[in-house]
Number of protein chains: 2
Amino acid sequence: MNKREIVRLNPPSNIGIIGGGQLGRMLTVEAKRMGYNVIILDPKPNSPAAQVADKQITAEFTDINALRKLAEKTDVLTYEFEHIDVGLLNEIESKGYKIYPSSKTLKVIQNKYVQKSILKEAGIKVPAFYLVNSLEELRNIFYNLGEKIILKTCKGGYDGKGNIVVKNIKKLEDAYKEFSDKELMVEEFINYTKEVSIIVAKNHEDITFYPIAENNHKDSILINSIIPAKISKDTEEKIIEVAKKVVETLDDFGVFCIEFFIDTDLDVLVNEIAPRPHNSGHYSIEGCTTSQYEQLIRIVTGMPLGSTKLRLPCVMYNILGSDEVQGKYCINGVEEILDMEDCYFHLYGKEETSYLKKIGHITALADCVEMAERKAKKVMDSLVIKSLEVS
Amino acid sequence: MNKREIVRLNPPSNIGIIGGGQLGRMLTVEAKRMGYNVIILDPKPNSPAAQVADKQITAEFTDINALRKLAEKTDVLTYEFEHIDVGLLNEIESKGYKIYPSSKTLKVIQNKYVQKSILKEAGIKVPAFYLVNSLEELRNIFYNLGEKIILKTCKGGYDGKGNIVVKNIKKLEDAYKEFSDKELMVEEFINYTKEVSIIVAKNHEDITFYPIAENNHKDSILINSIIPAKISKDTEEKIIEVAKKVVETLDDFGVFCIEFFIDTDLDVLVNEIAPRPHNSGHYSIEGCTTSQYEQLIRIVTGMPLGSTKLRLPCVMYNILGSDEVQGKYCINGVEEILDMEDCYFHLYGKEETSYLKKIGHITALADCVEMAERKAKKVMDSLVIKSLEVS
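Keep in mind the model is a prediction, meaning the values are calculated, not measured.

K.L.:
Describe the UniProt feature "binding site: ATP" (unreviewed entry) in chain A, with residues and values.
P.N.:
Residue and element names in this part refer to chain A. What UniProt calls "binding site: ATP" (unreviewed entry) maps, in this numbering, to Lys112, Lys152, Glu187, Glu188, Phe189, Ile190, Glu195, His217, Asn271 and Glu272. Judged by its relative accessible area of 7%, Lys112 is buried. Contact partners of Lys112, with chain neighbours within four places excluded, come to Lys152, Thr153, Cys154, Gly157, Asn163, Met185 and Glu272. Looking at the secondary structure, you find Glu195 in strand 9 (residues 192-202). Those residues in contact with Glu195 that sit more than four places away from it in its chain are Ala213, Glu214, Asn215, His217, Phe260, Phe261 and Asn271. For Glu195, the side chain forms a polar contact with the side chain of Tyr192, separated by 3.3 Å.

Following this line, the structure appears as structure tokens:
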């Protein structure tokens, strides 16, 4: 059990967020609404989060002095991404500063091999996985697992980066060479029927589960999420049960996203954990009584958890950079979104776009997911990213 | 008819807001969500709105150079309060910069005598009102109107400032002397049974009406709003009809709040117009599909109006400074609000509190107004403003 004492932070207290992307931005908006002051740490000046925060410390995430300064100027720290040096975070914690979730949890999650090992030990079903130390080992695993594997770097991957699906033994060596300087693992390829995720929030006294999202990816980038997922009551219960076990195993306070594969036998296997609000939980801003962002602010300030009740079925689409426009941009066709009842438009204030970059999202609400999907698809078709670059 | 051309501003465009208080803050949050950049003009550094905006120009509202700079750096201007020098705004407009609502509308609204005259001319019922040029004139009006009058400065009043209710002829001279350097008017005192308000949004193609709020004041400060107002269908229709006429008379684009008295004969009389989002419309953030703040951002960017549909009955309470705490403060008891389902907490980031200062608000939603009222009252009882001043 986590013995850390939670201190109730009344507003205005100061919250530090490591990472200034869209997740940090949406966190900041909730914190500001509740009267907290927010300082962002990010290397990029005028980051999406800093635009709505009180202040940004502009420095690399590896800059211990910057991290220390952030901790000194705030009452509690959290983060919006998991690729932070846990040694540095631990150093900050050892000085008595509070970080949620803790560096210990982050360390487990950062290394996919460690993450999966701990889940497996706790009796949680995950795809078969192996550490890889040589090409020869990799070849043997490939033969054992059958026609398709995923080669992964244990650390640092996101949005498909750091993953290669290998279907052919001839491609194995190339894949291995691409990652050969990194700690590597192999996972069996799950022939899943659906990918789903659940946001779980845990504080010092309670745990809450958000409605399950069904996620559609393209090239490992999340395209859309449908809430509630079209799964049976049985599968839903199974997922909540496993998610509870995962978060209890982590034994920490925070917002966690747990991604699952549902395989052809309707078994649920944990794919990945994120120790922070997640893209597949954007829908909770308009879709739930308490958004995943407000929930994390409640947790780090020692406040009670809020209701995760779904108002209406939702469909969320990411607005992704196209392959036609690079650099500065504007968005045309927003009027179609704003003209659609119960359809919400978010743009993250990123100065530049590039192929598949997440620059915004929309959420459509309706009485059923089918109708929400139709609304969302229709308005997404009208959106055009236009270049603002002077040619 | 307003012939001004509306230009559609795609995000990211730049919006300038004159005034950095809570209304500007809530406007900014919506604009940022939609990917716009926001610059605030306010004389007080780190104003509530600037805390969530991209930039603040810190200067007096009478500083024409600052206003010009704001106009130059943005694509459109709006404001969150009405006491701005219309001559300066007009100068800005004459250079081709766009301000919504226009300085012409603001000029009418700023002067309560002119405001009421124009309404009266349009056949809209208002309390009897007279310009006052001397104490003698004031005495005569008092005799004619009967036992109770309101003496008002024509310009500059808000939250009861600039208003004196006079019930006794003996107090008339004192009241007159207090305001004697100002342009003055007298209004009959309406024995109202209710005070209600309606937010109306008008853009280049459409007009929408928000649900009517029933407002309770204490010492002319709004204490709470109950939505929908407990009025008959007949009265509701009458109010919407009059509100439409008011906004058509103003013939401009923007968000307008029209406050009404309902008298003992169930007649509806216009009390006051605000050419901006209003305290009594805070509930629309969680209570309506499109908040009054998002609606104004849609209007100034030439986007279509959003639905004003009420999700659930709401009760909004202002969090007002107490007479016990002055200066820096924190809020205790927030956990009670956060523990109440569908209850939302807003704190404006004002550094200091004082008696009756608006420092935040809460909105409770429920299946009926009675239940929302009970929830709101209960959590308001738990809130305590504590001093942070070192004694």
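K.L.:
If you had to explain the relation of the copies chain B and chain A to someone new, which residues and values would you point to?
P.N.:
Structural alignment of chain B on chain A gives an RMSD of 0.0 Å, achieved by rotating through 180 degrees and translating 0.0 Å along the axis. Given the turn and translation reported, the copies of this chain are related as if by a two-fold rotation axis. Nearest to the rotation axis, the C-alpha of Val52 of chain B is located 2.0 Å from it, this being the minimum over chain B.

K.L.:
Could you give an account of empty space enclosed by the protein, with specific residues and numbers?
P.N.:
Summed over the entire model, instances satisfying the criterion amount to one cavity of 30 Å³ or more. Volume-wise, the largest cavity comes out at about 770 Å³. If you go around the largest cavity, you meet 40 residues; those closest to its centre are Glu30 and Ile285 of chain A together with Val29, Glu30 and Ile285 of chain B. For the lining of the largest cavity, the secondary-structure elements that each account for two or more residues are helix 1 (22-33), helix 9 (284-287), helix 10 (292-300) and strand 17 (343-347) of chain A together with helix 1 (22-33), helix 9 (284-287) and strand 17 (343-347) of chain B. Partitioned by chemical class, the residues of the lining of the largest cavity number 17 nonpolar, nine polar and 14 charged.

K.L.:
Kindly report on the pattern of salt bridges, identifying the contributing residues and their values.
P.N.:
For the structure on display, the rule yields 36 salt bridges over all chains. The closest approach of N and O atoms between Glu335 of chain A and Arg8 of chain B, which form a salt bridge, is 3.3 Å. Here Glu335 of chain A, found in helix 11 (residues 334-338), pairs with Arg8 of chain B, found in the segment before strand 1 (14-18), and the two come from separate chains. Its relative accessible area of 19% is what places Glu335 of chain A among the buried residues. You can call Arg8 of chain B partly exposed: its relative accessible area is 36%. Through salt bridges that share partners, Glu30, Arg33, Glu294 and Arg298 of chain A make up one connected network.

K.L.:
So what's going on with the interface of chain B and chain A? Residues and values would help.
P.N.:
At the junction of the two partners, chain B supplies 39 residues and chain A supplies 38 residues. Across the chain B to chain A interface the summed buried area is about 3400 Å²; carbon plus sulfur atoms make up 51%. If you look at where chain B meets chain A, you find two salt bridges. One can count 22 residue pairs in polar contact (both at pLDDT 80 or more) joining chain B with chain A. Looking at the side of chain B that touches chain A, the elements with two or more residues in it are helix 1, helix 10 (292-300), strand 16 (327-332), helix 11 (334-338) and strand 17 of chain B. When grouped by side-chain class, the residues that make up the side of chain B that touches chain A number 17 nonpolar, nine polar and 13 charged.

K.L.:
Please set out the environment of Ser387 of chain A residue by residue, giving values where relevant.
P.N.:
Here Ser387 of chain A shows up in strand 20 (residues 384-387). The residues touching Ser387 of chain A, leaving out its near neighbours within four places in the chain, are Val325, Gln326, Lys328 and Tyr329 of chain A.

K.L.:
So what about helix 3 (residues 86-94) of chain A? Which residues, and what values?
P.N.:
Residues and elements named next belong to chain A. Taken together, the buried positions of helix 3 are Val86, Leu88, Leu89, Ile92 and Glu93. Projected down its long axis, helix 3 carries its buried residues within an arc of 160 degrees, all on one side. Buried residues in helix 3 make contact with strand 1 (14-18), helix 2 (64-73), strand 4 (76-79) and helix 4 (103-110). Two to three positions downstream of the cap, the backbone nitrogen of Gly87 sits 2.8 Å from a side-chain oxygen, assigning the N-cap of helix 3 to Asp85. One or two steps after helix 3, the chain reaches Gly96, where phi turns positive at roughly 95 degrees.

K.L.:
Outline the domain arrangement of chain A, supporting the account with residue identities and numerical values.
P.N.:
Residue and element names in this part refer to chain A. Once the domains are mapped, chain A shows domain 1 (14-99), domain 2 (128-188), domain 3 (190-311) and domain 4 (315-391). In this structure, domain 1 and domain 3 have C-alpha centres spaced 23 Å apart. Counting residues at the interface gives 15 residues for domain 1 and 17 residues for domain 3. Summing the contributions of domain 1 and of domain 3, the shared interface buries around 1400 Å²; its carbon and sulfur component is 73%. The interface formed by domain 1 and domain 3 contains two salt bridges. When the shortest N-O distance is used, the salt bridge between Glu294 and Arg33 registers 2.7 Å. If you look at where domain 1 meets domain 3, you find two residue pairs in polar contact (both at pLDDT 80 or more). Looking at the side of domain 1 that touches domain 3, the elements that each hand over two or more residues are helix 1 and strand 4. Among the elements that make up the side of domain 1 that touches domain 3, the one with the highest residue count is helix 1 (six residues). Its residues assigned to classes, the side of domain 1 that touches domain 3 comprises ten nonpolar, one polar and four charged.

What counts and what doesn't
- Residues numbered from 1 in each chain as written.
- Chains lettered and ligands numbered in written order.
- Predicted model: local features only at pLDDT ≥ 70, side-chain atom pairs only at ≥ 80, totals over all residues.
- Heavy atoms only, no water.
- UniProt positions renumbered as here; feature names shortened; annotations may be inferred.
- Buried < 20%, exposed > 50% of the residue type's maximum accessible area, 1.4 Å probe, protein only.
- Contact = heavy atoms within 4.5 Å.
- Helix = DSSP H or I, 4+ residues; strand = E, 2+ residues; numbered from the N terminus.
- Polar contact = N/O pair within 3.5 Å; in protein donor to acceptor, adjacent residues only side chain to side chain.
- Least-squares fit on C-alpha atoms with pLDDT ≥ 70 in both.
- 1 Å grid on protein atoms, 1.4 Å probe; cavity = no way out; pocket = protein on both sides within 12 Å on 5 of 7 lines; lining within 4 Å.
- Points joined across faces, edges and corners; volume = space filled by probe spheres on them.
- Nonpolar A, V, L, I, M, F, W, Y, C, P; charged D, E, K, R; others polar.
- Salt bridge = Lys/Arg side-chain N within 4 Å of Asp/Glu carboxyl O.
- Buried area = accessible area lost by both parts, 1.4 Å probe.
- Arc of directions from axis to C-beta.
- Domains from an automatic or database assignment.

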